[in-house]
Amino acid sequence: MTNKYDYDVLYIGAGHATFDGAAPLAKTGVRVGVIESGLIGGTCPNRGCNAKITLDEPVKLTREAARLNDILSSAPTINWTANVAHKQEIIDPLPAGLTARLEDGGATIIHGHATFKDAHTVVVDDQQTITAEKIVIATGLKPHRLDIPGTKLAHNSSDFMNLKRLPQSIVIIGAGYIGMEFATIANAAGAQVTVMLHGDQALRDFYQPFVAQVVDDLTERGVTFIKNANVQAFTKQDDQFQVSYGDHQQLTTDWILDATGRIPNLDGLGLDRIGVKYDRHGVYVNDHLQTNVPNIYAAGDVLANDLPKVTPAAYFESKYLMRLFSGQTSAPIDYPVIPSVVFTSPRIAQAGMKIPAAEKAGLTVSDNDLADYWYYQVSKEPIAASKQVHDQDGHLVGVTEISDQAEDAVNALLPAIEYQLDREQIDRLIGIFPTIGYAAWHRA
Ligand SMILES: Cc1cc2nc3c(=O)[nH]c(=O)nc-3n(C[C@H](O)[C@H](O)[C@H](O)COP(=O)(O)OP(=O)(O)OC[C@H]3O[C@@H](n4cnc5c(N)ncnc54)[C@H](O)[C@@H]3O)c2cc1C
Ligand SMILES: NC(=O)c1ccc[n+]([C@@H]2O[C@H](COP(=O)([O-])OP(=O)(O)OC[C@H]3O[C@@H](n4cnc5c(N)ncnc54)[C@H](O)[C@@H]3O)[C@@H](O)[C@H]2O)c1
């Protein structure tokens with residue numbers, strides 16, 4: 001790299017798409033700058049995965065305790081205020097820890113909002129001008145807002161996770177990842193929850209018969225699902241809010257969560273000025289994560305692609321760019337199997353080939369009713385099943401599971417799918433027994 005610029009590599013955004021690779025890159029002697037307008041760490045630690053899973057932990061526990069109520073002496077309930085306080089206590093230190101990781105590696109952090117001036121120059125907060133040989137756009141996603149009257153009366157996922165007191169009633173618009181995970185948490189904590197769907201399917205990325213079981217279970221627990229809701233307006237009425245939907249119908253609620261998706265965070269970035277190709281799906285890159293402007297790259301959620309928008313994908317891309325920029329590789333990015341999970345209770349997790357695609361391709365799809373399997377009976381799981389897809393050679397190529405620990409079961413199977421292990425190789429591995437991973441492995 002050349003000393004013509006302030007930095008060899010400048011990252012815009014300090015989420016997983018940046019810091020997992022930027023810190024080790026700086027350690028190789030490459031001059032790295034990172035510009036961040038919000039908290040270091042971005043969405044996942046501060047207002048995404050880590051925050052959400054902390055709020056979810058008591059939900060998982062209360063569900064299991066309720067099933068074991070003839071053994072346990074009292075049924076626990078969730079103290080919402082304490083739950084949110086605990087979440088805050090353990091996520092508050094994360095930005096400082098990640099800052100240290102970047103700075104100890106030798107990277108420089110610049111706080112502020114970045115705007116491109118030209119392909120090698122970025123202006124921070126209209127004041128500081130910074131130049132770099134290569135620039136990485138890693139600005140992530142931001143919440144989509146419904147374009148209807150009163151939209152500002154609705155809140156987003158960050159607002160939900162910061163609620164000091166749980167509203168008595170909550171209307172959630174959207175039944176994707178956030179809508180379903182937060183419906184699960186709010187319902188378990190005691191709120192009256194209504195979920196309004198755009199069409200008639202929740203969690204469209206997941207196997208629909210499993211999704212139906214989650215929806216039925218939540219319905220039994222008191223959540224109302226309104227399909228084809230056609231939400232038209234929000235209005236304030238004294239201390240409450242009205243949601244107008246359908247054919248002149250109205251619903252009164254204490255709080256509204258707009259969970260209608262997340263969109264590329266490209267506000268004020270100046271991409272038109274430098275001619276980087278993007279649209280409402282995100283920034284377009286080639287198989288080296290390079291945009292159409294050769295010195296500008298992009299990584300993480302902001303990419304326009306069909307991959308799951310999840311932290312491990314952003315992490316993988318960040319590590320790839322680290323290897324590319326430090327000369328350790330010149331090969332195109334080669335994605336492994338990327339699993340996904342929705343942290344409802346039970347969860348649905350999947351990796352590799354999905355069931356509808358497997359059925360279409362005529363591959364073998366095995367059914368496992370796990371509720372009958374002894375290990376799942378330990379915690380009296382009523383909803384537990386998995387489907388596995390094997391190719392013509394008998395290799396495991398896909399798995400989908402619904403259960404309380406589906407994420408761990410699928411994690412355990414990833415090596416078998418990614419490395420196309422054969423029966424002999426699978427049988428050679430001795431796992432820890434009794435565990436969910438061991439149980440999953442034995443079905444591989
Ligand atoms: C509620 C919620 C729950 C989630 N749960 C999970 C989960 O359980 N598991 C999972 O794998 N994934 C989960 N995700 C997704 C995960 O958080 C993202 O995939 C991941 O954070 C993407 O990282 P990123 O670096 O691409 O973007 P981000 O983490 O969003 O980082 C982008 C950063 O860029 C900054 N930025 C934007 N524009 C500028 C600018 N012009 N100048 C300077 N800085 C800028 C932003 O402030 C932000 O900090 C969840 C997301 C949400 C919202
Ligand atoms: N467990 C996880 O890995 C996890 C958890 C949360 C979020 N995330 C990530 O965050 C991103 C955003 O999640 P999300 O749930 O906001 O998006 P999403 O795309 O999963 O869901 C948005 C939902 O809103 C619905 N919708 C859109 N317009 C609507 C309307 N007018 N009325 C009613 N419904 C409407 C859509 O049909 C969809 O079901 C996802 O890409 C996901 O990868 C991941």
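Residues numbered from 1 in each chain as written. Chains lettered and ligands numbered in written order. Predicted model: local features only at pLDDT ≥ 70, side-chain atom pairs only at ≥ 80, totals over all residues. Heavy atoms only, no water.

So, the overall build of the protein chain
Turning to step 1, where the next piece is worked out: In terms of regular secondary structure, the protein chain is built from 15 helices and 23 strands.
Turning to step 2, where the next piece is worked out: The C-alpha radius of gyration of the protein chain comes to 23 Å, within 12% of the 22 Å expected for a compact globule of 444 residues.
Turning to step 3, where the next piece is worked out: Considering only C-alpha atoms, the protein chain reaches an extent of 70 × 70 × 45 Å along its principal axes.
Turning to step 4, where the next piece is worked out: A burial count over the protein chain gives 52% of its 444 residues as buried.
Turning to step 5, where the next piece is worked out: Considering only intrachain contacts with a sequence separation of at least 6, the fraction spanning at least 24 residues in the protein chain is 64%.
Turning to step 6, where the next piece is worked out: On the protein chain, roughly 20,700 Å² of surface is accessible, and the fraction owed to carbon and sulfur atoms is 50%.
Turning to step 7, where the next piece is worked out: A distance of 3 Å separates the average location of the 36 positive side-chain charges in the protein chain from that of its 52 negative side-chain charges. (Helix = DSSP H or I, 4+ residues; strand = E, 2+ residues; numbered from the N terminus. Rg over C-alpha atoms; globule rule 2.2 N^0.38 Å. Buried < 20%, exposed > 50% of the residue type's maximum accessible area, 1.4 Å probe, protein only. Contact = heavy atoms within 4.5 Å. Areas by Shrake-Rupley, 256 points an atom, 1.4 Å probe, with all protein chains shown as cover. Lys, Arg positive; Asp, Glu negative; His and termini not counted. Charge placed at Lys NZ, Arg CZ, Asp CG, Glu CD.)

A look at the site of ligand 2
Turning to step 1, where the next piece is worked out: Neighbouring residues of ligand 2: 21 residues in total, closest I178, E181, R204, K309 and V341.
Turning to step 2, where the next piece is worked out: I178 is positioned such that a nitrogen or oxygen atom in its backbone is 2.8 Å from an oxygen atom of ligand 2.
Turning to step 3, where the next piece is worked out: Between ligand 2 and V341 there is a distance of 2.9 Å, counted from a nitrogen atom to a backbone nitrogen or oxygen.
Turning to step 4, where the next piece is worked out: Considering each element in turn, the shell around ligand 2 owes the most residues, three residues, to helix α7 (residues 177-188).
Turning to step 5, where the next piece is worked out: Along the lines of polarity and charge, the residues of the shell around ligand 2 split into 11 nonpolar, five polar and five charged.
Turning to step 6, where the next piece is worked out: When residues are assigned to domains, the shell around ligand 2 turns out to be shared by domain 1 (7-142 + 263-326) and domain 2 (151-260), each giving three or more. (Near = heavy atom within 4 Å. Polar contact = N/O pair within 3.5 Å; in protein donor to acceptor, adjacent residues only side chain to side chain. Nonpolar A, V, L, I, M, F, W, Y, C, P; charged D, E, K, R; others polar. Domains from an automatic or database assignment.)

Comments concerning the packing of aromatic side chains
Turning to step 1, where the next piece is worked out: For the structure shown, the criterion picks out 12 aromatic pairs.
Turning to step 2, where the next piece is worked out: Ring centres 4.8 Å apart and planes at 25° place the aromatic pair F160 and F182 in the stacked group. Placement of the pair is F160 in helix α6 (residues 157-161) and F182 in helix α7, with a sequence separation of 22 residues. Each member of the pair, F160 as well as F182, is classed as buried.
Turning to step 3, where the next piece is worked out: Measuring from ring centre to ring centre gives 5.0 Å for Y297 and F325, while their planes differ by 85°; the resulting arrangement is edge-to-face. With Y297 in strand β18 (residues 296-298) and F325 in helix α10 (residues 311-325), this pair connects stretches of sequence that are 28 residues apart. Judged on exposure class, the residue Y297 and its partner F325 are both buried.
Turning to step 4, where the next piece is worked out: One cation-aromatic arrangement involves K277 over Y284; the distance from NZ or CZ to the ring centre is 4.5 Å. (Phe/Tyr/Trp six-rings, centres within 6.5 Å; stacked < 30°, edge-to-face > 60°. Lys NZ or Arg CZ within 6 Å of the ring centre and 35° of its normal.)

Re the site of ligand 1
Turning to step 1, where the next piece is worked out: Around ligand 1, the surrounding shell holds 38 residues, and the nearest of these are E36, T43, K52, A114 and D301.
Turning to step 2, where the next piece is worked out: One of the side-chain nitrogen or oxygen atoms of E36 is found 2.6 Å away from an oxygen atom of ligand 1.
Turning to step 3, where the next piece is worked out: T311 places a polar main-chain atom, nitrogen or oxygen, 3.0 Å from an oxygen atom of ligand 1.
Turning to step 4, where the next piece is worked out: Protein chains shield 92% of the accessible area of ligand 1, which is 1,000 Å² for the free molecule.
Turning to step 5, where the next piece is worked out: Grouping the amino acids of the shell around ligand 1 by side-chain chemistry returns 16 nonpolar, 16 polar and six charged.
Turning to step 6, where the next piece is worked out: Split by domain, the residues of the shell around ligand 1 number at least three in each of domain 1 (7-142 + 263-326) and domain 2 (151-260).

What to know about the UniProt feature "domain: FAD/NAD(P)-binding" (unreviewed entry) in the protein chain
Turning to step 1, where the next piece is worked out: Look at the UniProt record and you will see "domain: FAD/NAD(P)-binding" (unreviewed entry) annotated at residues 7-314.
Turning to step 2, where the next piece is worked out: Within residues 7-314, the helical portion is 32% and the strand portion 27%, while the C-alpha atoms at the span's ends are 22 Å from each other. (UniProt positions renumbered as here; feature names shortened; annotations may be inferred.)

Some remarks on the sheet that holds strand β8 (residues 169-173)
Turning to step 1, where the next piece is worked out: In space, the four strands of this open sheet follow the order β10-β9-β8-β14, with parallel pairing throughout. A strand with exactly one partner marks an edge of an open sheet, and here the two such strands are β10 (224-226) and β14 (255-258). Here the average twist between neighbouring strands, direction ignored, is 20°.
Turning to step 2, where the next piece is worked out: Here β8 runs beside β14; their pairing, made up of four bridges, is parallel. Bridge pairing in β14 links I170 to W255. (Pairing = 2+ DSSP bridges. Axes fitted to C-alpha atoms, helices over the stretch in contact; angles between N-to-C directions.)

Notes on the domain arrangement of the protein chain
Turning to step 1, where the next piece is worked out: Per the domain assignment, the segments of the protein chain are domain 1 (7-142 + 263-326), domain 2 (151-260) and domain 3 (346-441).
Turning to step 2, where the next piece is worked out: A separation of 31 Å is found between the C-alpha centroids of domain 1 and domain 3.
Turning to step 3, where the next piece is worked out: Contact residues are listed per partner, giving seven residues for domain 1 and seven residues for domain 3.
Turning to step 4, where the next piece is worked out: Both faces combined, the contact of domain 1 with domain 3 buries some 630 Å², and carbon together with sulfur accounts for 40% of it.
Turning to step 5, where the next piece is worked out: When the buried area of domain 1 at its contact with domain 3 is split by residue, K60, R67 and L68 rank highest and sum to 67% of it.
Turning to step 6, where the next piece is worked out: Where domain 1 touches domain 3, the interface holds three salt bridges. (Buried area = accessible area lost by both parts, 1.4 Å probe. Salt bridge = Lys/Arg side-chain N within 4 Å of Asp/Glu carboxyl O.)

With respect to the state of the cysteines
Turning to step 1, where the next piece is worked out: Inspection of every chain in the model, using the stated rule, returns one disulfide.
Turning to step 2, where the next piece is worked out: Put simply, C44 and C49 are joined by a disulfide, and their sulfur atoms are 2.2 Å apart. Taking the torsion about the sulfur-sulfur bond, which here is approximately -135°, the covalent link between C44 and C49 counts as left-handed.
Turning to step 3, where the next piece is worked out: Judged by its relative accessible area of 9%, C44 falls in the buried class. (Disulfide = S-S within 2.5 Å.)

Let's talk about the UniProt feature "binding site: NAD(+)" (unreviewed entry) in the protein chain
Turning to step 1, where the next piece is worked out: Feature annotation in UniProt places "binding site: NAD(+)" (unreviewed entry) on G174, A175, G176, Y177, I178, G179, M180, E181 and G261, given in this structure's numbering. Taken together, the annotated residues stretch across 88 residues yet fold into one region, lying no more than 13.2 Å apart by C-alpha.
Turning to step 2, where the next piece is worked out: Filtering out sequence-adjacent residues up to four positions away, A175 remains in contact with M180, V195, L197, A202 and L203.
Turning to step 3, where the next piece is worked out: Take E181: its relative accessible area is 4%, and that puts it in the buried class.

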